[in-house]
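The lines below spell out each chain.
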Amino acid sequence: MTTAPHEKTADNSANHEETLGFQTEVKQLLNLMIHSLYSNREIFLRELISNAADACDKLRYAALDNDALYEGDSELRIEIEHNREANTITLRDNGIGMNRADVIANLGTIARSGTAEFLKQLSGEQQKDAKLIGQFGVGFYSGFIVADEITVRTRKAGTEVSEGVEWRSKGEGEFTVSDIEQAQHGTEITLHLKEDAKEFADDYRLQGLVRKYSDHIEVPVRMPKTETATDDEGNSIAGSEVTTWETVNEATALWSRPKSDVSEDEYKAFYKHVAHDFSDPLTWSHNKVEGKLEYTSLLYVPGRAPFDMFERDGARGVKLYVQRVFIMDDAEQFLPLYLRFIKGVLDTRELSLNVSRELLQQDPNVDKIKAALTKRGLDMLKKLTKDKEQYQTFWKTFGSVLKEGPGEDPSNREKIAGLLRFASTHTDTSAQEHSLADYVERMKEGQRKIYYVVADSFNAAKNSPHLEIFRKKGIEVLLLSDRIDDWLMSHLTEYDGKTFADVAKGELDLGDVEDADEKKAQEETAKAKEDLVKRVKEALGDCVQDVKVTHRLTDSPACVVLPEHEMGYQMRRIMEAAGQPLPEVKPILELNPDHALVARLEGAEGDLFTQLSYILLDQAIIAEGGHLDDPAAYVKRLNSVLTA
Ligand code: ADP
Ligand code: MG
């Protein structure tokens with residue numbers, strides 16, 4: 001947690017009442033929430049029911065080892081009541097409950113570190129922030145959107161009746177906790193509705209919301225129904241009112257229902273419950289598998305990235321159930337890292353109910369399920385590719401995570417490759433929208449390789465001198481400029497039987513796109529320039545590995561090329577930035593025999609020849625996005641030639 005906790009302001013020892021300040025981030029959250037969720041106030045009910053359902057899940061799990069925790073009341077349930085006169089709504093659950101320490105920790109701070117992180121990054125601009133707040137689950141504190149005071153009465157299952165705790169707050173910076181007697185274990189939350197939120201104290205409204213948001217929750221959500229007996233003439237008989245509890249939600253675990261029974265809205269509502277997300281998922285995949293390996297999975301692709309996606313210890317993984325009993329959140333063992341954006345539920349009989357995070361690491365069934373879920377995840381993405389627009393949304397958000405795949409999971413390399421999207425010279429825009437399949441389809445006759453260039457930025461890639469011959473011949477090149485791209489390409493060796501070729505590395509090989517005449521002409525030029533090449537090599541000495549004449553270039557005088565299996569410039573820079581010492585690599589300088597500057601070089605002598613040779617080399621390195629060892633020397637040479 002980030003800020004110093006609560007400052008004590010009072011302690012009345014009779015019932016041990018104390019008033020504490022909220023963690024700073026809670027105050028911020030409350031403030032933002034009240035202002036920005038105004039048009040979406042009803043979500044408070046979803047959040048509170050979701051917590052009550054979690055509490056029931058936790059009790060059921062704890063009771064596996066100790067039946068006594070039920071205190072003779074094992075019928076888990078959530079009850080919602082309202083009182084129109086008092087203007088209150090009350091939610092009650094007979095779940096795990098909280099003790100004093102739990103209450104202070106859970107209802108005084110922000111449980112999710114991602115949320116606290118998010119709040120830290122907030123700018124002061126309320127307007128902008130208001131939109132951002134929709135990006136994470138707001139939890140318990142959302143009660144204050146509709147309430148100007150909240151009272152929580154709770155007792156942890158298995159503790160003494162005298163160990164109950166009351167928490168109350170007006171949501172304005174502090175809360176008060178005191179000891180109370182509480183007969184029933186579990187938690188009861190009373191919302192004192194604001195003047196303008198009275199509409200929620202209504203049967204019809206509440207029922208509608210429970211169905212909308214909580215149908216999928218396995219625990220029954222009940223509301224009281226008052227029936228009045230009538231006499232023969234149909235008049236109600238005074239004093240005959242009987243209240244019965246009626247279950248309002250569907251109350252079966254959504255994933256255990258047949259697919260055909262679950263509506264799109266129910267899937268979406270369930271996503272919001274599991275993923276703590278406000279917005280709709282992009283897609284999902286629901287599977288029940290029987291046979292050797294039995295499991296049910298419901299996996300979702302979110303529509304936006306969580307804040308901790310690139311943090312090592314960010315929350316990821318699925319909610320794990322064993323035979324419908326909730327075991328843990330964020331079970332990360334069932335999906336590879338490169339699919340860490342997938343959220344959802346796994347329910348299986350292959351694991352023991354006593355499984356712990358440590359045990360999961362040793363269980364061979366875990367790997368089998370992981371392989372199966374990985375396949376499901378990739379298939380789900382493949383289906384999503386059919387909707388180009390949706391897939392672009394996905395790709396923009398999670399593409400760079402998926403690019404970790406070929407390195408992490410060689411067994412699925414080809415499948416993952418099919419899901420990758422690139423910018424390309426086909427359109428010359430930075431949008432990563434071209435698949436390898438599209439590329440292969442557009443390949444020229446005689447072309448055998450998939451060409452790509454890697455640079456630090458899209459513009460550097462697009463304007464790379466290495467592309468000149470490809471543009472001239474109309475051969476498409478993929479334009480890569482994400483940080484991870486060099487690394488990605490080092491793991492992608494083949495697609496659809498075609499190998500990949502970095503246009504800035506090794507010998508230029510255009511396959512059969514070039515005809516015999518062209519090749520012959522090139523050889524002749526090379527011969528004619530042998531002397532020039534020799535002189536440049538002498539002038540540059542140790543600075544280059546080799547000098548050659550090239551036909552890669554049409555507009556530029558020169559370019560540098562790396563040996564075929566050498567690490568790319570982008571990767572070098574990333575590793576150097578990370579403090580990894582790397583052996584020096586010398587480039588091969590290639591000259592464009594048709595360029596005026598090269599012609600000038602050929603005619604130069606002595607010092608001017610040396611200066612020009614260095615200038616060509618340094619320019620080529622700059623065009624590549626590289627850094628000069630001695631930029632001042634370059635400027636000096638250039639100026640001396642310009643003024644000569
Ligand atoms: P989250 O549910 O994402 O953890 P919340 O703000 O909704 O965050 O709730 C914070 C914490 O308060 C929960 O993690 C839980 O420990 C506790 N809590 C909230 N409601 C209940 C409840 N009805 N019963 C038991 N514990 C609860
Ligand atoms: Mg919650």
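- The chain appears in an unreviewed UniProt entry as Histidine kinase/HSP90-like ATPase domain-containing protein from marine sediment metagenome.
- Note on the chain: under the UniProt heading Sequence similarities (unreviewed entry), the record states "Belongs to the heat shock protein 90 family."

## Description of the overall build of the chain
So, point 1. What the chain contains, in helices and strands, is 22 helices and 23 strands.
So, point 2. In terms of overall size, the chain is more extended than a compact globule, its C-alpha atoms giving a radius of gyration of 33 Å where 644 residues would be expected to give roughly 26 Å.
So, point 3. Based on the C-alpha atoms only, the size of the chain along its principal axes is roughly 115 × 60 × 50 Å.
So, point 4. Of all 644 residues assigned to the chain, the portion counted as buried reaches 52%.

## Here we look at the pairing of strand E6 (residues 164-169)
Consecutive residues of a regular strand have side chains that alternate between opposite faces of the sheet.
So, point 1. Counting buried positions over the 6 residues of E6 gives 5, a clear majority of the element.
So, point 2. The sheet contact formed by strand E5 (residues 147-155) and E6 spans 5 bridges and is antiparallel. Looking at E6, one finds that Thr 154 is bridged to Val 165.
So, point 3. Strand direction decides the pairing type here: E6 and strand E7 (residues 174-180), joined by 6 bridges, are antiparallel. In the sheet register, Trp 167 faces E7, and the bridge partner there is Val 177.
So, point 4. Between E6 and E7, which pair antiparallel and follow one another directly, the connecting turn spans 4 residues, one of which, Gly 171, has a positive phi of 75 degrees.

## Looking at the domain arrangement of the chain
So, point 1. Here the chain is described as being made up of domain 1 (26-227 + 240-247), domain 2 (254-406), domain 3 (420-514) and domain 4 (516-643).
So, point 2. Between the C-alpha centres of domain 1 and domain 2 there is a distance of 26 Å.

## Observations regarding the pattern of salt bridges
So, point 1. Taken as a whole and assessed by the stated rule, the structure comprises 46 salt bridges.
So, point 2. Here Glu 218 ties to Arg 324 by a salt bridge, and the two come within 3.0 Å at their closest N and O atoms. You can see Glu 218 sitting in the loop between helix H6 (203-214) and strand E9 (221-227) and its partner Arg 324 sitting in the loop between strand E13 (318-322) and strand E14 (325-331), a full 106 residues away along the chain.
So, point 3. With a relative accessible area of 21%, Glu 218 lands in the partly exposed category.
So, point 4. We note a salt bridge from Lys 505 to Asp 502, for which the minimum N-O separation is 4.0 Å. Taken as a pair, Lys 505 and Asp 502 share a single burial class, namely buried.

## A word on helix H19 (residues 569-577)
So, point 1. Every buried residue of H19 is listed here: Gln 570, Met 571, Arg 572 and Arg 573.
So, point 2. Downstream of H19 by a residue or two, Gly 579 has a phi angle that is positive, lying close to 85 degrees.

## A look at a positive patch on the surface
So, point 1. A cluster of basic side chains, namely Lys 259, Lys 382, Lys 383, Lys 386 and Lys 415, defines a positive patch on the protein surface.
So, point 2. Structurally, the position occupied by Lys 415 is in helix H12 (residues 413-419).
So, point 3. Residue classification places Lys 415 among the partly exposed positions, given a relative accessible area of 35%.

## Section: unusual backbone geometry
So, point 1. You will see that His 16, though not glycine, has its phi angle at about 55 degrees, which is positive.
So, point 2. Residue classification places His 16 among the partly exposed positions, given a relative accessible area of 30%.
So, point 3. Positive phi, close to 60 degrees, is recorded for Ala 251, a residue that is not glycine.
So, point 4. Here Ala 251 is to be found in the loop between strand E10 (242-247) and helix H7 (264-275).

## Regarding the state of the cysteines
So, point 1. One pass over the structure, following the stated rule, counts 0 disulfides.
So, point 2. A disulfide-free cysteine, Cys 543 has its sulfur positioned 17 Å from the sulfur of Cys 559, the nearest such atom.
So, point 3. Given a relative accessible area of 0%, Cys 559 falls into the buried group.

## Observations regarding the nonpolar core
So, point 1. Among the nonpolar cores identified, the biggest contains 73 residues, and Leu 320, Phe 334, Phe 394 and Leu 402 are the most heavily contacted of them.
So, point 2. Element by element, the count of residues in this core is highest for helix H9 (residues 364-384), at 8 residues.
So, point 3. Viewed by domain, this core spans two of them, domain 2 (254-406) and domain 3 (420-514), each represented by three or more residues.
So, point 4. Among all residues touching Phe 334, those that are not within four sequence positions of it are Val 318, Leu 320, Leu 346, Leu 351, Leu 360, Val 366, Ile 369, Lys 370 and Leu 373.

## What about the sheet that holds strand E15 (residues 343-348)?
Pairing between the strands of a sheet comes from backbone hydrogen bonds, and it takes one of two forms, parallel or antiparallel.
So, point 1. In spatial order, the strands read E11-E12-E15-E13-E14; together these 5 strands make up an open sheet with mixed pairing. Two strands in the sheet have a free side with no partner beyond their single neighbour: strand E11 (283-289) and E14. The mean angle between the axes of side-by-side strands here comes to 10 degrees, regardless of whether they run parallel or antiparallel.
So, point 2. Where E13 and E14 come together, 4 bridges link them in antiparallel fashion. Along E14, the bridge assignment pairs Tyr 321 with Phe 326.
So, point 3. Most of the contacts of H7 go to strand E12 (residues 295-301), to which it runs at about 85 degrees, and overall it touches E11, E12, E13 and E15.
So, point 4. Against the sheet, H9 touches E11, E12 and E15, its axis set at about 40 degrees to E12.

## Observations concerning empty space enclosed by the protein
So, point 1. Inspection of every chain in the model, using the stated rule, returns 5 cavities of 30 Å³ or more.
So, point 2. There is about 130 Å³ of room inside the largest cavity.
So, point 3. For the largest cavity, the lining is made up of 14 residues, of which Val 454, Asp 502, Ala 504, Tyr 569 and Glu 624 are closest to its centre.
So, point 4. Counting only elements with at least two residues in the lining of the largest cavity, the list comes to strand E17 (449-454) and H19.
So, point 5. Looking at the lining of the largest cavity, the element that brings in the most residues is H19, giving 3 residues.
So, point 6. Across the lining of the largest cavity, the residue classes tally to 6 nonpolar, 2 polar and 6 charged.

Conventions used here
- Residues numbered from 1 in each chain as written.
- Chains lettered and ligands numbered in written order.
- Predicted model: local features only at pLDDT ≥ 70, side-chain atom pairs only at ≥ 80, totals over all residues.
- Heavy atoms only, no water.
- UniProt positions renumbered as here; feature names shortened; annotations may be inferred.
- Helix = DSSP H or I, 4+ residues; strand = E, 2+ residues; numbered from the N terminus.
- Rg over C-alpha atoms; globule rule 2.2 N^0.38 Å.
- Buried < 20%, exposed > 50% of the residue type's maximum accessible area, 1.4 Å probe, protein only.
- Pairing = 2+ DSSP bridges.
- Domains from an automatic or database assignment.
- Salt bridge = Lys/Arg side-chain N within 4 Å of Asp/Glu carboxyl O.
- Patch = residues over 30% accessible without salt bridge, like charges linked within 9 Å, V, L, I, M, F, W, Y side chains within 5 Å.
- Areas by Shrake-Rupley, 256 points an atom, 1.4 Å probe, with all protein chains shown as cover.
- Lys, Arg positive; Asp, Glu negative; His and termini not counted.
- Charge placed at Lys NZ, Arg CZ, Asp CG, Glu CD.
- Disulfide = S-S within 2.5 Å.
- Core = buried A, V, L, I, M, F, W, Y, C linked by side-chain atoms within 4.5 Å.
- Contact = heavy atoms within 4.5 Å.
- Axes fitted to C-alpha atoms, helices over the stretch in contact; angles between N-to-C directions.
- 1 Å grid on protein atoms, 1.4 Å probe; cavity = no way out; pocket = protein on both sides within 12 Å on 5 of 7 lines; lining within 4 Å.
- Points joined across faces, edges and corners; volume = space filled by probe spheres on them.
- Nonpolar A, V, L, I, M, F, W, Y, C, P; charged D, E, K, R; others polar.

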